[in-house]
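Single-letter residue listing:
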Amino acid sequence: MEVKLQPIVYTTDTGRSAEWYSTVLGVAPAFESESWTAIPVGDATLGIHHVAKRPADTYLELSLVSNETLEAVIGRLATVGIEPVEGIKEQPFGRSFLIRDPDGAPVQINEHAR
């Protein structure tokens, strides 16, 4: 059996979330419809799934590892109005900062120590 990772973000506005994640990831969707968008991310696919009401008990924090410096990522995102929740934090693995998607879900952007 071959398994491919496919995290799913549940949202009430698929277009808004797909545009936001495409901007953050720097990748265009491979598939888009009113109810589902698939965005390729390395060997995985991020699914954006439309729901009438976002499940309150569903929690997922996406953690993205950047090949850019965090300063470069923050600068790129700032040009489209996406700002970190707080500044860059030093971590045992390197550095990170947190942003929130249009529905308020946390997305951590990491830069691993080299």
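This one's a predicted model, so the numbers in the text were calculated from it and none came from an experiment.

Conventions we followed
- Residues numbered from 1 in each chain as written.
- Predicted model: local features only at pLDDT ≥ 70, side-chain atom pairs only at ≥ 80, totals over all residues.
- Heavy atoms only, no water.
- Helix = DSSP H or I, 4+ residues; strand = E, 2+ residues; numbered from the N terminus.
- Rg over C-alpha atoms; globule rule 2.2 N^0.38 Å.
- Buried < 20%, exposed > 50% of the residue type's maximum accessible area, 1.4 Å probe, protein only.
- Contact = heavy atoms within 4.5 Å.
- Areas by Shrake-Rupley, 256 points an atom, 1.4 Å probe, with all protein chains shown as cover.
- Lys, Arg positive; Asp, Glu negative; His and termini not counted.
- Charge placed at Lys NZ, Arg CZ, Asp CG, Glu CD.

Visitor: How do you make sense of the overall build of the protein when you look at a structure like this?
Guide: Of the regular secondary structure elements, the protein holds two helices and eight strands. Written out in order from the N terminus, the α and β elements of the protein read β-α-β-β-β-β-α-β-β-β. The C-alpha atoms of the protein give a radius of gyration of 14 Å, which matches the 13 Å a tight globule of 114 residues would have. Counting the 114 residues in the protein, one finds 34% classified as buried. Nonlocal contacts in the protein, meaning residues at least 24 apart in sequence, comprise 52% of its contacts between residues at least 6 apart. For the protein, the accessible surface area stands at approximately 6,900 Å², while carbon and sulfur atoms represent 53% of it. A distance of 3 Å separates the average location of the 9 positive side-chain charges in the protein from that of its 16 negative side-chain charges.

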